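Chain by chain, the residues run as shown.
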Amino acid sequence: MNILEVRELVKQFPGHRAVDRVSLSIPRGAFFSLLGPSGCGKTTMLRLIAGFEEPDSGEVLLGGENVNSRKPYERNVSTVFQNYALFPHLTVRGNVEFGLRRSRSTDITRRVSEVLELVRLTGKENRRPAELSGGERQRVALARSLVLRPDVLLLDEPMAALDPKLRNQMRLELKAMQRQVGITFLLVTHDQEEALGLSDQLAVMNAGRIEQAGTPREVYLQPRTRFVADFLGAVNWIEGVGVRSEAMRIERTPQPDIRSARGVVEHSAFLGDRLQVLVRMTNGEQAVAHVPRTGPGFEPGEDVHLCWNAADEMRFA
Amino acid sequence: MKLRTWFLLPAWLWMAALLAAPMAIVLAYSFLTRGTYGGIEQPWTVESYQRLLDPLYVAIYLRSFAMAAAATAICLVLGFPAALFIARASRRKNFYLQLVLLPFWTSFLVRTYAWLFLLRDTGLINSALLALGIIEQPLPMLYNDGAVLLGLVYGYLPFMVLPIYAVLERMDLTVEEAAADLGARPLSTLFRVTIPIAKPGIVAGCVLVFIPSLGAFLTPDLLGGGQTILIGNLVQNQFTTARDWPFGAAVSVVLMLLVAALVWTFLRRQSESIA
């Protein structure tokens, strides 16, 4: 069953339509991502689902029930805000307990210690947000929401405030945590790597609409629009056909039984885990190929053949 | 000397000449003997302080503290919602702030006299109510504790509104959304999130209202009509009509010490709860 459903949702702001007839279905227990550039309406979607904004038309259904008229405090969803929005005057424990006000006190103690163990903050109960690192603050925000066992946990760019190394680590932890607690996660992000790596399913948004929804593999390998193809990874456009940079090979001699285009190496960059080679094709356009660093290197000015398999071509109407 | 020292020099000189020196003089006077025609004479004595133990004067201290506490409480109850409203107004924030500051455009004395014209038996309010036939006798609105309290609240309300506004203005509003998101109703969010976060502003506002209320002499004099004697009036009387400078000085010194002790404990508790 779908825990969250959004039907034909519209949100109009003065001068622009932030969300334009969006429909979505998210199965219980799924890790779902809304991926798109800034200003595409993904955060507004989250705010509509949490109840901070009222839709102009359309429906939000939680567990099959229309929650349009319910206030944020009447909806069993919880948000991890981009800046975490921790209560600065409360300790870690105070923050995590905040939503448990109506529960029995022995229950509260147990649930708080359980969730703090889950996010590995045991021992920091009496710290205040100002005394925590960025990663710890994020974990407090997660714990504060998870302890309520929401139907859906909404995450608004939760990694944006972390430094890149920590971001990778937190990504893995977030995924493991979601598996462990079994709560439905709805993540909003502009980082395609994050969306691909974490989600069971994702939807790509652009200008208030959903361009495509599906599994990461489907959306990456069979993008339905040029926008989706471009947004999810580097694409080269050769005679109206899209080929991903990592599907390109560079050869010094013509290859049989394979698609190819001739060109001249303009620039080659060492990226650590791979080489990025910029090739000017004979038709004057540029293509970027990502090739293994273990293979041969390329010098500017070299004549080369760009090769790819027909199966890696992406075509659009 | 370092540049830093030079920059601080004017402030130090100002404080030494106009704050520290007068306070030292007041302290010295409080231990001297009253002169026949005002002023002070030898020998040194603690007589003025002994006289302060008279129940009459203790009562004045207590009444002043009660009055100042009441004025502070009323200012808080009126000022917090006003500050919240201004901080959250999407438009015309500056206009509302100007309204709060408007009274400062004219002299405090003139404004207090204006209250006199409003409240007295033949004043605007009583005349209007009499003319409308709502009352038959003028309401006794002037020359009582209520009038003094009104004057104090009126005079010091901006000092409550402004520091609270300053804190609420820069408060991160997503914190309130987070509270709602975690199931807190608006009133619960107000008491569990907004007010605790605004606490530094509330403390500052209370100190700024309480201290001048405690030492006020103009408001009780004009609106209390001499019926309500507060510490400020006592000090004023000793230096003017009673011509007992040492006693007036002693009253001031004790007031200063009490206020200093009070503020010090208050701020220390405040910083403890933050640390």
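Residues numbered from 1 in each chain as written. Chains lettered and ligands numbered in written order. Predicted model: local features only at pLDDT ≥ 70, side-chain atom pairs only at ≥ 80, totals over all residues.

Enquirer: Can you lay out the environment of Tyr 165 of chain B for me, pointing to particular residues and giving the numbers?
Expert: Residue and element names in this part refer to chain B. Mapped onto the elements of the fold, Tyr 165 is located in helix H7 (residues 145–169). Sequence separation of Tyr 165 and Arg 88 is 77 residues, and the distance between their C-alpha atoms is 9.5 Å. Residues in contact with Tyr 165, not counting those within four places in the same chain, are Ala 83, Ile 86 and Ala 87. (Helix = DSSP H or I, 4+ residues; strand = E, 2+ residues; numbered from the N terminus. Contact = placed C-beta atoms within 7 Å.)

Enquirer: Describe the interface of chain B and chain A, with residues and values.
Expert: Taken together, the contact pairs 14 residues of chain B with 16 residues of chain A. Of all the secondary structure elements, the ones that give two or more residues to the side of chain B that touches chain A are helix H8 (174–181) and helix H9 (186–197) of chain B. Sorting elements by how many residues they give to the side of chain B that touches chain A places H8 of chain B first, with 6 residues.

Enquirer: A description of the pairing of strand S9 (residues 201–206) of chain A should follow, citing residues and the corresponding values.
Expert: Residues and elements named next belong to chain A. Relative to S9, strand S3 (residues 31–35) runs parallel, the two sharing 4 bridges. Pairing of Ser 33 across the sheet is with Leu 202, part of S9. As judged from the 5 bridges shared by S9 and strand S10 (residues 209–214), these two strands associate in the antiparallel manner. Each bridged residue has a counterpart across the sheet, and for Val 204 the counterpart in S10 is Gln 212. Hairpin connection, S9 to S10: the antiparallel pair is bridged by 2 residues, and Ala 207 has positive phi, about 50°. (Pairing = 2+ DSSP bridges.)

Enquirer: Talk me through the sheet that holds S9 of chain A; I want residue IDs and the actual numbers.
Expert: Residues and elements named next belong to chain A. Taking strand neighbours across the sheet as the criterion, the 6 strands line up as S6-S7-S8-S3-S9-S10 in an open arrangement whose pairing is mixed. In this open sheet, the two strands that pair with only one neighbour each are strand S6 (77–80) and S10. Between one strand axis and the next, the sheet turns through 20° on average, direction left out of account. Helix-sheet contacts for helix H4 (residues 134–146) involve S6 and strand S7 (152–156), and the interaxial angle to S6 is about 175°. (Axes fitted to C-alpha atoms, helices over the stretch in contact; angles between N-to-C directions.)

Enquirer: Report on the pairing of S7 of chain A, specifying residues and quantitative values.
Expert: Look at any regular strand and the pattern is simple: side chains alternate between the two faces of the sheet. Residues and elements named next belong to chain A. Counting buried positions over the 5 residues of S7 gives 5, a clear majority of the element. Side chains Val 152, Leu 154 and Asp 156 of S7 all project onto a buried face; the interleaved residues Leu 153 and Leu 155 project onto the opposite face, where all are buried too. Pairing geometry for S6 and S7, over 4 bridges, is parallel. Counted as the bridge partner of Thr 79 is Leu 154 from S7. (Buried ≥ 20, exposed ≤ 12 C-beta atoms within 10 Å, placed from the backbone.)

Enquirer: Describe the domain arrangement of chain A, naming the residues involved and giving the relevant values.
Expert: Per the domain assignment, the segments of chain A are domain 1 (2–226) and domain 2 (234–312). If you average the C-alpha positions of domain 1 of chain A and of domain 2 of chain A, the two centres end up 39 Å apart. (Domains from an automatic or database assignment.)

Enquirer: Tell me what's going on with the sheet that holds strand S5 (residues 65–66) of chain A, and back it up with residues and numbers.
Expert: All names here are of chain A. Ordered in space as S2-S1-S4-S5, the 4 strands form an open sheet in which the pairing is antiparallel. Whereas interior strands pair on both sides, the edge strands pair on one side only; in this sheet they are strand S2 (16–27) and S5. In terms of strand pairing, strand S1 (residues 2–13) meets S2 through 8 bridges, oriented antiparallel. Considered in S2, the bridge of Lys 11 is made with Val 19. Helix H1 (residues 42–50) contacts S1, S2 and strand S4 (57–62) of the sheet and is inclined by roughly 65° relative to S2.

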